[in-house]
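Spelled out, the chains give:
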Amino acid sequence: MSIKVTVWNEFQHEKRNEAVRKVYPDGIHNAIADYLKTQEDMIVRTATLDYEEQGLSNELLDDTDVLLWWGHTAHGKVQDEYVERVYERVMKGMGFIPLHSSHFSKPFKRLMGTTCSLRWREQNENERLWVVEPSHPIAQGLGECVEIPADEMYGERFDIPALDELVFIGWFKGGEVFRSGCCYKRGYGKIFYFQPGHETYPIYYQDEIRLILGNAVRWACPLVRRDKLEAIHVTPKEII
Ligand code: ZN
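Keep in mind that what you see is a predicted model, and the values were worked out from it rather than measured.

Chemist: What is the right way to read the coordination of the zinc ion from this model?
Modeler: For a metal bound by four donors in tetrahedral geometry, the ideal donor-metal-donor angle is 109.5 degrees, whereas six donors in octahedral geometry ideally sit at 90 or 180 degrees. Coordination of the zinc ion by the protein is provided by His100 (NE2), Glu152 (OE) and His198 (ND1), with metal-donor distances spanning 1.9 to 2.1 Å. Judged by relative accessible area, histidine 198 falls into the buried class, the value being 2%.

In structure tokens, the structure reads:
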């Protein structure tokens, strides 16, 4: 059965900033979706903040197995009502993959319950993304590390709760390190936070990064979904 994937992007920089438009002329969401569409086991759609209901309608979310999220400048514009929709779907089993600056997105912060703050610097530094869990499904097909020629530096401490699984550690030229590939389970849903991907670097065109995103979608796809979140009152099936 195909995995229904939705790539959501706030889609702001690409419309306003020439430097970003040069790298992602059709938006970051389409750069990611274009690759995922080449995967035979995926049905891929995109949505942006400009859409009706900010691209987060109940119909779309109910029909989404895995939601990828890219946000940066417009986190505050996403309405809380829609954030709750995403949160609820994750509790029921939907996979959620926040990318790069989406560490500060409302749905990720809601799911983590912490500030999700970090240290950062934009100085055209290379990043070495170390695979620290080679047996993890998200790391399949990679070598011992991925060289990213230029990325924004994200450094510790990243204010997130204890991880379920850490797949990648990013190392930056300035000496900082970062938990760059973080797996969580919340409710029935799986979450993978992935750090690489600043809007002025062509990171989402890099083969290894695309491979990681495809792997992450397959890993986050729900095996079981829950219908309701309410507590259920039950009587014994039989009295022993
Ligand atoms: Zn960035």
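Chemist: Just checking my understanding: could you explain the pattern of salt bridges for this structure?
Modeler: It is possible for side chains bearing opposite charge to pair when their charged atoms get close. Per the counting criterion, the structure on display carries 17 salt bridges. Glutamate 53 is the salt-bridge partner of arginine 85, the closest N and O atoms lying 2.7 Å from each other. Linking arginine 85 in helix α5 (residues 80–92) with glutamate 53 in the loop between β2 (42–48) and α4 (58–62), this pair joins segments that are 32 residues apart in sequence. Residue glutamate 53 is classed as partly exposed on the basis of its relative accessible area of 29%. A salt bridge links arginine 89 to aspartate 62; its shortest N-O distance comes to 2.8 Å.

Chemist: Honestly, a nonpolar patch on the surface in this entry has me stumped. Any pointers?
Modeler: A contiguous nonpolar surface patch, about 360 Å² in accessible area, is contributed by Tyr188, Leu223 and Val224. Following the sequence through the fold, tyrosine 188 ends up in the loop between β8 (177–186) and β9 (189–194). What makes tyrosine 188 partly exposed here is its relative accessible area of 42%.

Chemist: How should the environment of phenylalanine 108 be read in this particular structure?
Modeler: Mapped onto the fold, phenylalanine 108 is located in helix α6 (residues 106–112). Relative accessible area serves as the criterion here: at 0%, phenylalanine 108 is assigned to the buried category. Sequence separation between phenylalanine 108 and methionine 153 is 45 residues; the distance between their C-alpha atoms is 20 Å. In this view, phenylalanine 108 contacts Phe96, Pro98, Ser102, His103, Cys116, Phe158, Ile160, Ile191 and Tyr193; residues no more than four positions away in its chain are not counted.

Analysis parameters
- Residues numbered from 1 in each chain as written.
- Predicted model: local features only at pLDDT ≥ 70, side-chain atom pairs only at ≥ 80, totals over all residues.
- Heavy atoms only, no water.
- Donors = N, O, S within 2.8 Å, 3.2 Å for Na, K, Ca; no water.
- Buried < 20%, exposed > 50% of the residue type's maximum accessible area, 1.4 Å probe, protein only.
- Salt bridge = Lys/Arg side-chain N within 4 Å of Asp/Glu carboxyl O.
- Helix = DSSP H or I, 4+ residues; strand = E, 2+ residues; numbered from the N terminus.
- Patch = residues over 30% accessible without salt bridge, like charges linked within 9 Å, V, L, I, M, F, W, Y side chains within 5 Å.
- Areas by Shrake-Rupley, 256 points an atom, 1.4 Å probe, with all protein chains shown as cover.
- Contact = heavy atoms within 4.5 Å.

Such coordinate-based values are descriptive only and should not be taken to indicate function.
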